[in-house]
Amino acid sequence: MSIAAELSGLHAQTLRSYDRLGLVSPGRSPGGGRRYSARDIALLREVQRLSQEDGVNLAGIKRIIELEQLVDDLKARISEMADEVLAAHAAAEQAAAMVHQSYRRDLVPVDRRSQIVVWHPKPQGK
């Protein structure tokens, strides 16, 4: 914890307070001690910046963090959905190609702009 306090420029008691408030949730060691990752340290610095430089209160900072996480989650979901759309499009193109391959080759395409006249002779004797 002292290393995290030094790296973030915050007091150890402030780190404990931020943990209790849910602003930063470090991992835990088997003995129960807090383990701060590089991401946690960056988040601590951002909390400090928002608080000191921008004057945002802790409730506001917590909401900002939640919204940023939501944005990240939504971006990931959009990426997943875009991949799904691309896969569905490729599958549809493949299915269309298979249908085209199954066409009978003895059929002759007809130009629908021209007219076809069929002659039927009149029956004789009537």
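Our subject is the structure that appears above.
Note that the structure is predicted; figures quoted are calculated from it, not measured.

The rules behind each value
Residues numbered from 1 in each chain as written. Predicted model: local features only at pLDDT ≥ 70, side-chain atom pairs only at ≥ 80, totals over all residues. Heavy atoms only, no water. Helix = DSSP H or I, 4+ residues; strand = E, 2+ residues; numbered from the N terminus. Polar contact = N/O pair within 3.5 Å; in protein donor to acceptor, adjacent residues only side chain to side chain. Contact = heavy atoms within 4.5 Å. Core = buried A, V, L, I, M, F, W, Y, C linked by side-chain atoms within 4.5 Å. Buried < 20%, exposed > 50% of the residue type's maximum accessible area, 1.4 Å probe, protein only.

Trainee: So what's going on with the side chain of Ser 8? Residues and values would help.
Mentor: Tracing the sequence through the fold places Ser 8 in helix α1 (residues 2–8). Of the polar contacts made by the side chain of Ser 8, one reaches the backbone oxygen of Ala 4; its length is 2.8 Å. When residues no more than four places from it in sequence are discounted, the contact partners of Ser 8 are Leu 15, Ile 41, Leu 44, Arg 45 and Gln 48.

Trainee: I'd like to hear about the nonpolar core, residue by residue, with values.
Mentor: Residues Leu 15, Leu 23, Tyr 36 and Leu 44 are the most contacted members of the largest nonpolar core, which totals 15 residues. Where this core is concerned, the elements lending two or more residues are α1, α2 (12–21), α3 (38–52) and α4 (58–101). Here this core gets five residues from one element, more than from any other, and that element is α3. Those residues within four positions of Leu 44 in sequence are excluded, and the remaining contacts are Ser 8, Leu 10, Leu 15, Tyr 18, Val 24 and Tyr 36.

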